[in-house]
Amino acid sequence: MPLERAPARNGDLPVLGDNEEIRFSQPRVRLYAGQQLEGEGTLHLTTKQIVWLNTQNPAAGYAMDYWFVVMHAVSRDKSAWPEPCLYCQLQSEDKGEVDEDEAAETPELRFVPADPASLQQMFMVFSEMSAMNPDPNDDQAEDLSDDDEDSADDQPLPFQLGPPPGGNVWSADYDDAAMEDADEEGDITMETDTK
């Protein structure tokens, strides 16, 4: 279930699955799918999915798996969108061939909270939950987790940590003259203004 329309709800809360918890909720969030306003509702970031429930229409809402969102960011650029928002690009559900002359349209969502001060926390929780829910079809993510399991933490390092043999370590404290000409060359001038 990458994307579900009209997910099950219990009033203003989503119906949660086994071992699923709500980690963040933000009321009064407008959802835009592309340029189309879907309405105002409550955004819930759970440990398993992103759920937006329309407050004016109980039959409207969306739930999607985190891995279905390929990119998310806080957008405050008024030339990109008139209001601060959490911008999301989704995986394209159309896996068919795209004509070379025809650009594939990337599905986009924008979550626009009435209180823009909540965006940073919304983004942080979204990022954390996304990291906990990788794409199950992503072979690269699977390879990374396999590498983590075969970690070299228990293996000895192939080199020795510490000072080099003979104890010769250069330090600016002991050789101030080595850096004298850096300021005399005149190539780079650094000025600082302290107030």
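Structural data are supplied above this passage.
Here's what I pulled together on the structure shown here. These figures come from a predicted structure and were not determined experimentally. (Residues numbered from 1 in each chain as written. Predicted model: local features only at pLDDT ≥ 70, side-chain atom pairs only at ≥ 80, totals over all residues. Heavy atoms only, no water.)

Tallied over the full model, the rule gives 0 disulfides. Of all cysteine sulfurs in the structure, the one in Cys88 sits closest to Cys85, which takes part in no disulfide; the separation is 8.6 Å. Assessed through its relative accessible area of 0%, Cys85 is described here as buried. (Disulfide = S-S within 2.5 Å. Buried < 20%, exposed > 50% of the residue type's maximum accessible area, 1.4 Å probe, protein only.)

Now for unusual backbone geometry. Glycine aside, a negative phi is what most residues show, and trans is what most peptide bonds show. For Ala6, which is not glycine, the phi dihedral falls at a positive 55°. Within the chain, Arg28 stands out as a residue other than glycine whose phi angle is a positive 55°. One can find Arg28 in strand 4 (residues 22–33). (Helix = DSSP H or I, 4+ residues; strand = E, 2+ residues; numbered from the N terminus.)

Proteins that are soluble and globular tend to have nonpolar side chains buried together. Core analysis: the biggest nonpolar cluster contains 23 residues, and Leu43, Leu45, Ile50, Phe111 and Phe126 have the highest contact counts within it. When contributions to this core are tallied by element, the ones reaching two or more residues are strand 4, strand 5 (36–46), strand 6 (49–54), strand 7 (61–65), strand 9 (85–90), strand 10 (108–113) and helix 1 (119–132). With near-sequence residues (within four places) excluded, Leu45 lies in contact with Glu21, Ile22, Arg23, Phe24, Ile50, Tyr66, Met122, Val125 and Phe126. (Core = buried A, V, L, I, M, F, W, Y, C linked by side-chain atoms within 4.5 Å. Contact = heavy atoms within 4.5 Å.)

Where strand 4 and strand 5 come together, 9 bridges link them in antiparallel fashion. When the sheet's bridge partners are listed, Ser25 is paired in strand 5 with His44. The antiparallel pairing of strand 4 with strand 5 creates a hairpin that spans 2 residues between the two strands, and Gly34 there sits at a positive phi of about 65°. As paired strands, strand 5 and strand 6 are joined by 5 bridges and run antiparallel to one another. Paired with Gly41 across the strands is Asn54, a residue of strand 6. What sits between the antiparallel neighbours strand 5 and strand 6 is a turn of 2 residues. (Pairing = 2+ DSSP bridges.)

Our focus in this paragraph is the pairing of strand 4. Here strand 4 runs beside strand 10; their pairing, made up of 5 bridges, is antiparallel. The residue bridging Leu31 from the neighbouring strand is Phe111, located in strand 10.

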